[in-house]
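# Observations on the model geometry
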There are 2 protein chains.
Amino acid sequence: MADSTGKAEYFVGLDLGGTKILAGVFKHSLECIGTAKLSTKSQRGVEPVIERVARCVQDAVDEADLTLKQIAAVGIGAPGAVDFAEGRVIFAPNMEGWKDVPLKKALEKQLGVPVFVENDGNIAALGVHVAELKAKPKHLIGIFVGTGIGGGIIINGDLYSGFNHTAGEIGHMILDVNGPKCGCGNKGCFEALASRTAIFQQIKAGVKDGQKTLLTEMLGADLSDLRSGDLRKAIRRGDKFVDKVVEGAAEYIGIGIATLVNVLGPEVVVLGGGVMEALADEMMSVIIETANDYAMPGTMKGVEIVASKLGDNAGITGGAVLARRESK
Amino acid sequence: MADSTGKAEYFVGLDLGGTKILAGVFKHSLECIGTAKLSTKSQRGVEPVIERVARCVQDAVDEADLTLKQIAAVGIGAPGAVDFAEGRVIFAPNMEGWKDVPLKKALEKQLGVPVFVENDGNIAALGVHVAELKAKPKHLIGIFVGTGIGGGIIINGDLYSGFNHTAGEIGHMILDVNGPKCGCGNKGCFEALASRTAIFQQIKAGVKDGQKTLLTEMLGADLSDLRSGDLRKAIRRGDKFVDKVVEGAAEYIGIGIATLVNVLGPEVVVLGGGVMEALADEMMSVIIETANDYAMPGTMKGVEIVASKLGDNAGITGGAVLARRESK
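Model, not experiment: these values are computed from the prediction.

### Focus on helix α2 (residues 103-111) of chain A
Residues and elements named next belong to chain A. Here α2 has its buried residues at Leu103, Lys104 and Leu107. For α2, the angular spread of buried residues about the axis comes to 90 degrees, placing them on one side. Structurally, α2 contributes buried residues whose contacts are with α1 (46-63), β4 (71-78), β6 (88-91), β7 (99-101) and β8 (115-119).

Structural data, given as structure tokens:
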């Protein structure tokens, strides 16, 4: 599959997460021709993680039967506030020691290829907007529900990142000022109410209180190694408790969307991330109904709320879109 | 003060509210040279209100010693969702019967002058951005705290109104999903927690429960004709109850700002409206402190939170800015 001319016409998109690193090699058409995955091991410190990122890029390139010389650019989504111009991660709350890390510079030195870094929510929204929706919606909000809740905003067809390059932190909209504590220190943030972490906490608390659920049959009483897919299995087998918890999270996602629609008036709201990938069939109708209930009259007219089909690949696809755009 | 050549080089800005109509005549430099004010009397129906709007424009023009022939355009801020291209008020919740009203067309017929209509929060934000801040901030959010809470968003130097022209409905961000009921039917909207209406309700409920306050000395036990300025007077005379209620509202405004900063990353947040005009000295330090407490690390760096000096004139000034821009 290698280009015999050796021309640098492929792009690498990379999704740097708190637990795993995912890289993909893409053609100019955004067709993915090879991927690689490594665990992040952020507890080892900043330098080792940067080395793992470089290795993951190389693994994906090798998987696609290419060499680094054939890569025009690498686009990375990083979890936290990112200075795009400098390619610097200003602050990544879920990664140990990641404060003011010159990721672009370090990787360019190791790989010899231009590297561009953006916030992971922004990158995933960019991937969905360009690759899945063909850049048609003028204003779009991407909501990615996983361990936390990330977001990305497209305004007038472009990624919008605001004054401090921190816009799109929708997981920390406050929806219930007296609600459960969030990792950020506040109470009742969107991600403290509707992320996978929030759902799992509610399920574990219920089990501790004597709630009956098929999950304990499936995984044992301590629910170790619980995953989003297990929730889907339990619901499909008629587990009312899990159904209720997941429905509650879907309602909060609907309320979060209503707030975002009231403030930003997007044309499309797209949902992605691990929780949506596993549970879209179970959650989407409740999400859409609740969003319509809570949004102001007139604001939802013609607005589409859809689940992305890119799943876990939204981040690497967006990274490739960024790399392609920046190496023009 | 009339231009002896009779050239149409003045602009009228008009603020159409649920209780009053305010109009101002402006020079190209945005200096205001005459104003007029009428009550709205929205209970009389749509047509009579449109006639009052036309009369208010004429009164302001007369006040400035001009004639309508010297007016290049009229810019109007209307309360609700507005179709700017058509100059149509789609829906105005606080005005009886205002659904799909062709305000531009009706007024142009009556006045013989080009008329442009925008949402009132958008218009006020535009007025503050251009006239007060000299259009310097690239991204700005205007928050106007009065009977309700209105908003306007400037992105990349331009008014942003989104897909359905409804963006900026920040009064209906949900901050406390189990909170007090809002006029829109939901619970815990920003304006149900921090508007003048919310503050007055809390004070009246407290008095009913036997709370002691100087306000009953000042206004009688039923607190008829209570105004924002009375709260300031009571606080300055040491009224702890009023102080506490106003501080609570200021905290919610800070939480609302934190949510907006997390999502939108503005450079400047500007506060206006009747409540801020009366109580900025009492509220601003609590607002700023709370916003900094609740916003994500890094998002508030260099972000200014300021009280507008335009006060009640933000709307008419913004109307003039719109009229000037559109008649270029």
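### Remarks on the relation of the copies chain B and chain A
Turning chain B through 180 degrees and shifting it by 0.0 Å along the axis lays it on chain A, with an RMSD of 0.0 Å. In symmetry terms, the pair is related by a two-fold rotation axis. Both copies present the same face, since 100% of the interface residues in chain B are matched by interface residues at the equivalent positions in chain A.

### Comments concerning the sheet that holds strand β10 (residues 149-155) of chain A
Within a sheet, neighbouring strands are paired by backbone hydrogen bonds and run either parallel or antiparallel to one another. Residues and elements named next belong to chain A. Spatially, β11-β10-β9-β12-β13 is the arrangement adopted by the five strands of the open sheet, whose pairing is mixed. Lying at the two open borders of the sheet, with one neighbouring strand each, are β11 (158-160) and β13 (304-307). Strand after strand, the sheet turns through a mean of 25 degrees between neighbouring axes, direction not considered. Relative to β13, strand β12 (residues 268-272) runs parallel, the two sharing four bridges. Opposite Val269, over in β13, you have Ile305 as the bridge partner. On the sheet, helix α9 (residues 274-294) packs against β9 (140-145), β12 and β13 and is oriented at approximately 165 degrees with respect to β13.

### A closer look at the domain arrangement of chain A
Residues and elements named next belong to chain A. Here chain A is partitioned into domain 1 (10-126 + 314-326) and domain 2 (135-308). Each of domain 1 and domain 2 has a C-alpha centre, and the two are 25 Å apart. Taken together, the contacts link 13 residues of domain 1 with 17 residues of domain 2. Elements represented by at least two residues in the side of domain 1 that touches domain 2 include exactly β5 (81-83) and α3 (120-132). When residues in the side of domain 1 that touches domain 2 are grouped by element, the largest group, six residues, is from α3. Grouping the amino acids of the side of domain 1 that touches domain 2 by side-chain chemistry returns seven nonpolar, four polar and two charged.

### Section: α9 of chain A
Residues and elements named next belong to chain A. Given a rise of 1.5 Å per residue, 21 residues ought to cover 30 Å, yet the end C-alpha atoms of α9 are separated by just 25 Å, more than 12% below that figure. Where α9 bends most, the angle comes to about 95 degrees, and this point is Ala280. Considering only its buried residues, α9 is in contact with β9, α5 (196-208), α7 (228-236), α8 (240-264), β12 and β13.

### Examining the interface of chain B and chain A
With 41 residues of chain B at the interface, the matching set in chain A holds 42 residues. Mapped onto the side of chain B that touches chain A, the elements with two or more residues apiece are β6 (88-91) and α8 (240-264) of chain B. When residues of the side of chain B that touches chain A are assigned to their parent elements, the largest contribution, five residues, is made by α8 of chain B. In the side of chain B that touches chain A, the residues fall into 21 nonpolar, 15 polar and five charged.

### Some thoughts on the pairing of strand β3 (residues 32-39) of chain B
Residues and elements named next belong to chain B. The pairing of strand β2 (residues 20-26) with β3 spans seven bridges and is classified as antiparallel. Paired with Ala23 across the bridge in β3 is Ala36. What sits between the antiparallel neighbours β2 and β3 is a turn of five residues, in which Leu30 has the positive phi angle 70 degrees.

Conventions and cut-offs
- One numbering rule holds for all chains: residues counted from 1, following each sequence as written.
- The order in which chains are written sets their letters, starting at A; the order in which ligands are written sets their numbers, starting at 1.
- At least 70 in pLDDT is required for a residue's local features to be given in this predicted model, at least 80 for side-chain atom pairs to be given and counted, and no such filter applies to totals for whole chains, interfaces and linings, which use all residues.
- Residue burial is a threshold on neighbouring C-beta atoms within 10 Å of the residue's own C-beta, all placed from the backbone, with 20 or more meaning buried, 12 or fewer meaning exposed, and counts in between meaning partly exposed.
- Secondary structure elements are taken from DSSP: a helix is a run of H or I of four residues or more, a strand is a run of E of two residues or more, and numbering for both begins at the N terminus.
- Throughout, the arc means the angular range of directions from the helix axis out to the C-beta atoms.
- Contact criterion: two residues are in contact if their C-beta atoms, reconstructed from the backbone, are within 7 Å.
- Fitting of the copies onto one another was done by least squares over C-alpha atoms, counting residues only where both copies have pLDDT of at least 70.
- DSSP calls a pair of strands paired once it identifies at least 2 bridges connecting them.
- Helix axes are fitted to C-alpha atoms over the stretch in contact, other axes to C-alpha atoms as well, and angles between N-to-C directions run from 0 to 180 degrees.
- Each domain span listed reflects an automatic or database assignment of domains.
- Under the grouping applied here, Gly and all other residues not named as nonpolar or charged are polar, the nonpolar ones being Ala, Val, Leu, Ile, Met, Phe, Trp, Tyr, Cys and Pro and the charged ones Asp, Glu, Lys and Arg.
- Multiply 1.5 Å by the residue count of a helix minus one, and that product is the helix's expected span.
- Note on bend: at a given residue it equals the angle between the axes fitted to the 7 residues ending there and to the 7 starting there.

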